[in-house]
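A look at the structure
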Amino acid sequence: MRCLLLVPMEFAEAGQWEAFTRRIRMFRNHPALLAWDEEEGLARGDLRRADLQRIRRILQKEDPHH
């Protein structure tokens, strides 16, 4: 079975980094691949490049195997 679990980007867009991190921790042992689709968010201006870099750092720290 394959599964894809989307990361809730509304937390990142709103700057709610604790909620974002908590969601990553909640599912870090789940066999699904955590993913997000944010090229449109960057193009629309919903997400800043610095926020995307912060997301990457959080993912590397909290769930380095996904």
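Look up a bit, the structure's there.
All chains use their own residue numbering, which begins from 1 and follows the written sequence. Per-residue local features of the predicted model are confined to residues with pLDDT of at least 70, and side-chain atom pairs are confined, for both listing and counting, to 80 or more; whole-chain, interface and lining totals are unaffected and use all residues. Values reported for side chains reflect all heavy atoms of the structure, with hydrogen atoms and water molecules removed beforehand.

**Thoughts on the overall build of the protein**
Rules: Helix and strand labels come from DSSP, where a helix needs a run of H or I of at least four residues and a strand needs a run of E of at least two; each type is numbered from the N terminus. Partly exposed describes any residue whose relative accessible area lies between the buried limit of under 20% and the exposed limit of over 50%, with all areas from a 1.4 Å probe on protein chains only and scaled to the type maximum. Throughout, a contact is declared for two residues whenever any of their heavy atoms are within 4.5 Å. In short, Shrake-Rupley with a 1.4 Å probe defines the accessible areas, and a residue's cover is counted only from the protein chains shown.
When helices and strands are tallied, the protein shows four helices and two strands. Evaluated residue by residue, the protein yields a buried proportion of 33% over its 66 residues. Look at the contacts in the protein between residues 6 or more apart in sequence, and 68% of them connect residues 24 or more apart. In the structure as shown, the protein presents an accessible area of about 4900 Å², 48% of it carried by carbon and sulfur atoms.

**So, the packing of helix H2 (residues 17-27) against helix H4 (residues 49-62)**
Applicable threshold: An axis is simply a line fitted to the C-alpha atoms; with a helix, the fit covers only the stretch in contact. Between two such axes, the angle follows the N-to-C directions and lies from 0 to 180 degrees. We call a crossing left-handed when the near helix sits turned anticlockwise from the far one by less than a right angle, and right-handed when that turn is clockwise.
Put simply, H2 and H4 touch, their axes get as near as 10 Å, and they point 35° apart. Remark: the crossing between H2 and H4 carries right-handed chirality. Counted together, Trp17, Phe20, Thr21, Ile24 and Arg25 of H2 and Asp51, Arg54, Ile55, Ile58, Leu59 and Glu62 of H4 form the full contact between these two elements.

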